[in-house]
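Residues per chain are reported as follows:
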Number of protein chains: 2
Amino acid sequence: MSQLPKQPAEGPVPTSADVARLAGVSRATVSYVLNNNPTVRISESTRRRVREAASELGYVPHAAARSLRAGHTRTVLMPTGDHPAGPLHHRFLHELESGLRRLDYTVVQHGSLGLDADEAARAWAELRPVAVIAPGGVALTPQGIAVLRRSGAKAVITLGPQPVDGAHALVMDQREVGSCATGHLLQRGRRRIGVVMPEEPGLAPFAEPRLSGARRVAADVGALIEPLPLRYDEESAGALAARWRTLGLDAVFAYNDAYAMLLMRALQDAGIEIPAETAVVGADDLLIGRLLRPRLSSVRMELAASQPLADLVDRLVRHPGGVPERHDLLRARAIPRESS
Amino acid sequence: MSQLPKQPAEGPVPTSADVARLAGVSRATVSYVLNNNPTVRISESTRRRVREAASELGYVPHAAARSLRAGHTRTVLMPTGDHPAGPLHHRFLHELESGLRRLDYTVVQHGSLGLDADEAARAWAELRPVAVIAPGGVALTPQGIAVLRRSGAKAVITLGPQPVDGAHALVMDQREVGSCATGHLLQRGRRRIGVVMPEEPGLAPFAEPRLSGARRVAADVGALIEPLPLRYDEESAGALAARWRTLGLDAVFAYNDAYAMLLMRALQDAGIEIPAETAVVGADDLLIGRLLRPRLSSVRMELAASQPLADLVDRLVRHPGGVPERHDLLRARAIPRESS
DNA sequence: TTGAAAGCGATACCAA
DNA sequence: TTGGTATCGCTTTCAA
């Protein structure tokens with residue numbers, strides 16, 4: 001009874017041959033039994049002997065050997081970027097991962113910090129993923145896509161603010177967020193609107209489209225849009241607040257709730273009345289925004305259900321070669337509170 | 001010049017045999033050249049021919065075949081839990097990953113949502129990782145550890161609030177946070193201290209040790225510690241605030257800054273003076289806490305540098321079999337502001 | 001119902 | 001300096 005050996009055997013890793021030997025059958029039979037191969041009939045007693053031998057040895061099949069033999073993997077590779085995903089995005093990724101696992105894919109995340117786009121694509125290609133789902137912020141070049149394709153990836157999919165040429169795209173179109181926030185401010189009668197642009201690297205792929213979304217709706221009514229670079233620290237916010245009145249703005253869309261809170265506090269400390277003198281709206285609808293006074297108006301984002309997307313990935317893998325598809329995942333909705 | 005073929009060849013994936021054929025050499029030579037094998041001398045002209053053939057075909061080696069042949073991988077597997085890591089933790093993981101990649105490991109993250117501990121361990125074992133680093137919140141049983149060991153993992157390491165029997169441990173001892181926060185409150189003369197316990201599942205592994213850390217230092221001076229269950233929503237916070245005075249507490253350690261902000265707002269709305277009647281301290285030292293009035297006192301956490309830990313993992317892989325090691329990663333420090 | 005054997009792609013030994 | 005070849009673990013066809 002050494003179920004929990006103090007010093008787990010350093011011996012060789014058991015293979016299907018070991019299982020076969022112990023069960024007194026051939027390796028073929030072991031494979032048939034453990035994979036429940038329906039094209040071949042094996043006696044119940046043999047099945048039992050094989051199963052017992054396998055569990056006695058603690059046998060675990062060798063994924064590399066299996067996929068080498070099969071000629072393909074069922075690996076879906078998700079590169080990870082270098083900045084933390086928000087809770088919304090994070091939950092979405094996890095659910096997508098579960099959905100894919102339910103379809104019998106092995107989902108694997110692979111960081112690429114410190115690798116350039118093509119090195120990274122090569123590193124991914126070595127794993128021979130059947131699909132690659134690259135979130136926004138992960139560089140994916142046409143060359144990289146070609147490398148992945150040549151190495152057997154049936155589907156290369158981007159997941160983020162904007163599509164990449166030659167890949168399928170699950171788009172979280174951030175312009176929606178900008179136009180939603182700005183539309184709300186316009187409705188409140190504001191016409192000179194600042195848009196906070198975080199200076200933190202890595203946020204640009206989100207911030208730029210939000211700005212252009214804002215511009216689009218503002219143009220319709222001839223309102224002014226003024227980009228406002230801001231670092232996420234009190235000093236930067238203080239400096240912006242200090243010159244606020246010279247800007248002559250009557251509203252600001254602050255990129256997200258965190259930046260909004262930072263800026264709103266700085267504006268209040270500079271004696272600017274919110275929302276009377278300047279309206280503020282964030283995005284993400286964090287609980288914390290509701291705790292401020294005035295309560296922070298925000299934009300709530302919702303992502304599409306992930307199971308249908310897992311099914312979509314599966315379809316792209318099974319019927320590759322179509323033209324790149326684009327699917328919009330993001331819906332945005334203004335949540336008016338007291339700050340606007 | 002079809003560097004960017006519109007329809008990337010659906011043909012078979014090029015192998016080293018294809019490279020050999022194109023270069024007019026044997027597969028062995030290809031391997032020698034591409035791996036810069038120093039034990040064999042190859043003429044410069046042959047090297048060039050091989051390299052050109054490889055890049056012309058877009059050849060990428062097949063990781064599975066390589067590791068099958070080698071008898072081992074250089075895969076470090078990091079299971080991911082189901083709740084988003086904070087920015088601190090997130091950055092740490094990314095740096096650890098980069099550090100390991102610098103040591104020529106392939107780091108791969110693998111979600112386990114919806115799998116039980118032993119299923120998950122089996123799934124990981126199929127990849128034959130040379131090391132597994134399991135963050136807190138990822139279930140890891142002694143059986144799971146045994147499965148991984150038997151399948152060739154040289155090092156099984158936990159990374160989180162508490163060690164797991166039989167594995168090496170990189171410990172982020174959350175008791176430090178609790179005792180640091182509580183020590184600060186005691187120093188301020190408070191003696192009846194509430195400790196917020198989030199009801200959200202998944203936070204218990206962090207919350208429990210923070211509580212026991214609080215208890216430890218409170219016991220030294222005979223102070224009272226009162227656990228306070230709280231959900232992360234306004235309703236729950238309001239209910240707690242409504243019965244606050246019946247609790248007779250003069251301070252609260254609110255698990256972290258987010259819970260602290262939630263509770264502090266509810267207390268203020270209930271007419272409780274902060275810090276006069278009740279002192280509040282959070283943890284994480286978020287920027288946002290500095291924006292509240294009164295400014296939120298907090299506990300700042302610092303993690304050990306990650307490169308030495310990457311080196312440690314490398315050492316454990318190369319010299320396996322020692323007794324499980326424990327390393328403390330977390331240091332905590334009180335940041336007094338206005339709320340305490 | 002079971003077994004023998006080929007072969008997936010890469011590497012490293014041994015020969016030439 | 002280079003090439004032939006056995007080998008890793010597994011699946012699957014073909015034979016028995």
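Residues numbered from 1 in each chain as written. Chains lettered and ligands numbered in written order. Predicted model: local features only at pLDDT ≥ 70, side-chain atom pairs only at ≥ 80, totals over all residues. Heavy atoms only, no water.

1. Digging into the interface of chain B and chain A
Spelled out, the test is: Contact definition: two residues touch when any of their heavy atoms are within 4.5 Å. Note on definitions: buried area is the accessible-area loss of two parts on being combined, 1.4 Å probe, summed for both. In what follows, salt bridge is the name for a side-chain nitrogen of Lys or Arg lying within 4 Å of a carboxyl oxygen of Asp or Glu. Each polar contact in these results corresponds to two N or O atoms within 3.5 Å; when the atoms are within protein, one needs to be able to donate a hydrogen and the other to accept it, and residues that are neighboring in sequence are counted only if both atoms are side-chain atoms. Think of it this way: any DSSP run of H or I at least four residues long counts as a helix, any run of E at least two long counts as a strand, and we number them from the N terminus. Basically, the charged four are Asp, Glu, Lys and Arg, the nonpolar ten are Ala, Val, Leu, Ile, Met, Phe, Trp, Tyr, Cys and Pro, and anything else, Gly included, counts as polar.
In this complex, chain B contributes 65 residues to the contact, which on the side of chain A involves 64 residues. Here chain B packs against chain A, burying approximately 5,900 Å² in sum over the two surfaces, 59% of which is carbon and sulfur. Interface area lost by chain B to chain A is led by Arg128(B), Arg150(B) and Leu291(B), which between them contribute 12%. The tally of links from chain B across to chain A stands at two salt bridges. Between Arg293(A) and Asp269(B) there is a salt bridge, and its shortest N-O distance comes to 3.0 Å. Here chain B and chain A share 22 residue pairs in polar contact (both at pLDDT 80 or more) between them. Contributing elements (two or more residues each) for the side of chain B that touches chain A: α4 (63–70), α5 (87–102), β2 (106–111), α6 (117–126), α7 (142–150) and α12 (257–269) of chain B. Of the residues forming the side of chain B that touches chain A, the biggest block, six residues, is contributed by β2(B). The class makeup of the residues in the side of chain B that touches chain A is 31 nonpolar, 18 polar and 16 charged.

2. A short note on the relation of the copies chain B and chain A
The test is simple: Fitting of the copies onto one another was done by least squares over C-alpha atoms, counting residues only where both copies have pLDDT of at least 70.
For the pair chain B and chain A, the best superposition has an RMSD of 0.1 Å and corresponds to a rotation of 180° with a translation of 0.0 Å parallel to the axis. Taken together, the rotation angle and the small translation identify this as a two-fold axis. When the interface residues of chain B are mapped onto chain A, 98% of them again lie at the interface, so the same face is used by both copies.

3. Observations regarding the protein's contact with DNA strand C
To be explicit about the condition: Any residue with a heavy atom positioned within 4 Å of a molecule or strand is treated as near that molecule or strand.
The environment of DNA strand C is formed by 26 residues, the closest being Ser26(A), Thr46(A), Ser16(B), Tyr32(B) and Arg69(B). A breakdown of the atoms of DNA strand C within 4 Å of the protein gives sugar and phosphate a share of 59%. One nitrogen or oxygen atom from the main chain of Ser43(A) is found 3.3 Å from a phosphate oxygen belonging to DNA strand C. Here a phosphate oxygen of DNA strand C sits 2.7 Å away from a polar atom, N or O, in the side chain of Tyr59(B). Looking at the surface near DNA strand C, the elements with two or more residues in it are α2 (27–34) and α4 (63–70) of chain A together with α2 (27–34) and α4 of chain B. No other element matches α2(B), which puts four residues into the surface near DNA strand C. Looking at the surface near DNA strand C residue by residue, the classes come out as 11 nonpolar, 10 polar and five charged.

4. Considerations on the pairing of strand β1 (residues 75–80) of chain B
All names here are of chain B. Our working definition: The buried label applies to any residue whose accessible area, calculated with a 1.4 Å probe on protein chains only, is under 20% of its type's maximum; exposed applies above 50%, and partly exposed to all values in between. A pair of strands counts as paired when DSSP detects no fewer than two bridges linking them. By the criterion used throughout, a crossover qualifies as right-handed when its path from the first strand across the helix to the second strand runs clockwise, the strands pointing away from the viewer.
Across the six residues that make up β1, a large majority, six, are buried. Sheet topology note: the β1/β2 ladder contains six bridges and is parallel. When the sheet's bridge partners are listed, Thr-80 is paired in β2 with Gly-111. Taking the sense of rotation as the criterion, the β-α-β connection linking β1, α5 and β2 turns out right-handed. In this structure, β1 lies alongside strand β3 (residues 131–135), joined through two bridges in parallel fashion. Bridge assignment links Leu-77 to a residue of β3, and that residue is Val-132.

5. Observations regarding the protein's contact with DNA strand D
Surveying the vicinity of DNA strand D reveals 27 residues, the closest of which are Ser16(A), Arg27(A), Tyr59(A), Arg69(A) and Val40(B). Restricting the count to atoms of DNA strand D within 4 Å of the protein gives a sugar and phosphate share of 60%. Separating a phosphate oxygen of DNA strand D from a backbone N or O atom of Ser16(A) is a distance of 2.5 Å. Interatomic distance of 3.0 Å between a side-chain N/O atom of Arg69(B) and a base oxygen of DNA strand D. Those elements giving two or more residues to the surface near DNA strand D turn out to be α2 and α4 of chain A together with α2 and α4 of chain B.

6. Observations concerning the UniProt feature "domain: HTH lacI-type" (unreviewed entry) in chain A
Note the cut-off: UniProt positions are given in the numbering used here, feature names are shortened, and annotations may be inferred rather than shown by experiment.
In the numbering used here, UniProt assigns the feature "domain: HTH lacI-type" (unreviewed entry) to residues 14–70 of chain A. Between the C-alpha atoms that bound residues 14–70 of chain A the distance is 21 Å, and the span itself is 67% helix and 0% strand.

7. Structural notes on the domain arrangement of chain A
Quite often, the size of an interface is put as the accessible area lost when its parts meet. Residue and element names in this part refer to chain A. What counts, and what does not: As annotated, the domain borders come from an automatic or database domain assignment.
Considered domain by domain, chain A is made up of domain 1 (16–61), domain 2 (70–171 + 304–329) and domain 3 (175–302). Between the C-alpha centres of domain 2 and domain 3 there is a distance of 32 Å. Facing seven residues of domain 2, the contacting portion of domain 3 comprises eight residues. Note on domain 2 versus domain 3: buried area summed over both sides is about 570 Å², and carbon and sulfur give 64% of it. Summed over the three residues of domain 2 that lose the most area to domain 3, namely His-83, Leu-88 and Pro-161, the buried surface amounts to 58% of that side. Looking at the side of domain 2 that touches domain 3 residue by residue, the classes come out as four nonpolar, two polar and one charged.

8. Concerning the packing of α4(A) against α4(B)
Here is the rule we go by: For helices, the axis comes from a line fit to the C-alpha atoms of the stretch in contact; other axes are also lines fit to C-alpha atoms, and the angle between any two N-to-C directions lies between 0 and 180 degrees. Oblique is the label for any angle not under 35 degrees, not over 145, and not in the 65 to 115 range, which are roughly parallel, roughly antiparallel and roughly perpendicular in turn. Handedness of a helix crossing follows the sense of rotation of the near helix relative to the far helix, less than a right angle counterclockwise being left-handed and clockwise being right-handed.
With their axes 9 Å apart at the nearest point, α4(A) and α4(B) run at an angle of 125° to one another. Classified by the angle their axes make, α4(A) and α4(B) are oblique. α4(B) is crossed by α4(A), and the crossing has left-handed handedness. On α4(B), the residues touching Ala64(A), Ala65(A), Ser67(A) and Leu68(A) of α4(A) are Ala64(B), Ala65(B), Ser67(B) and Leu68(B).

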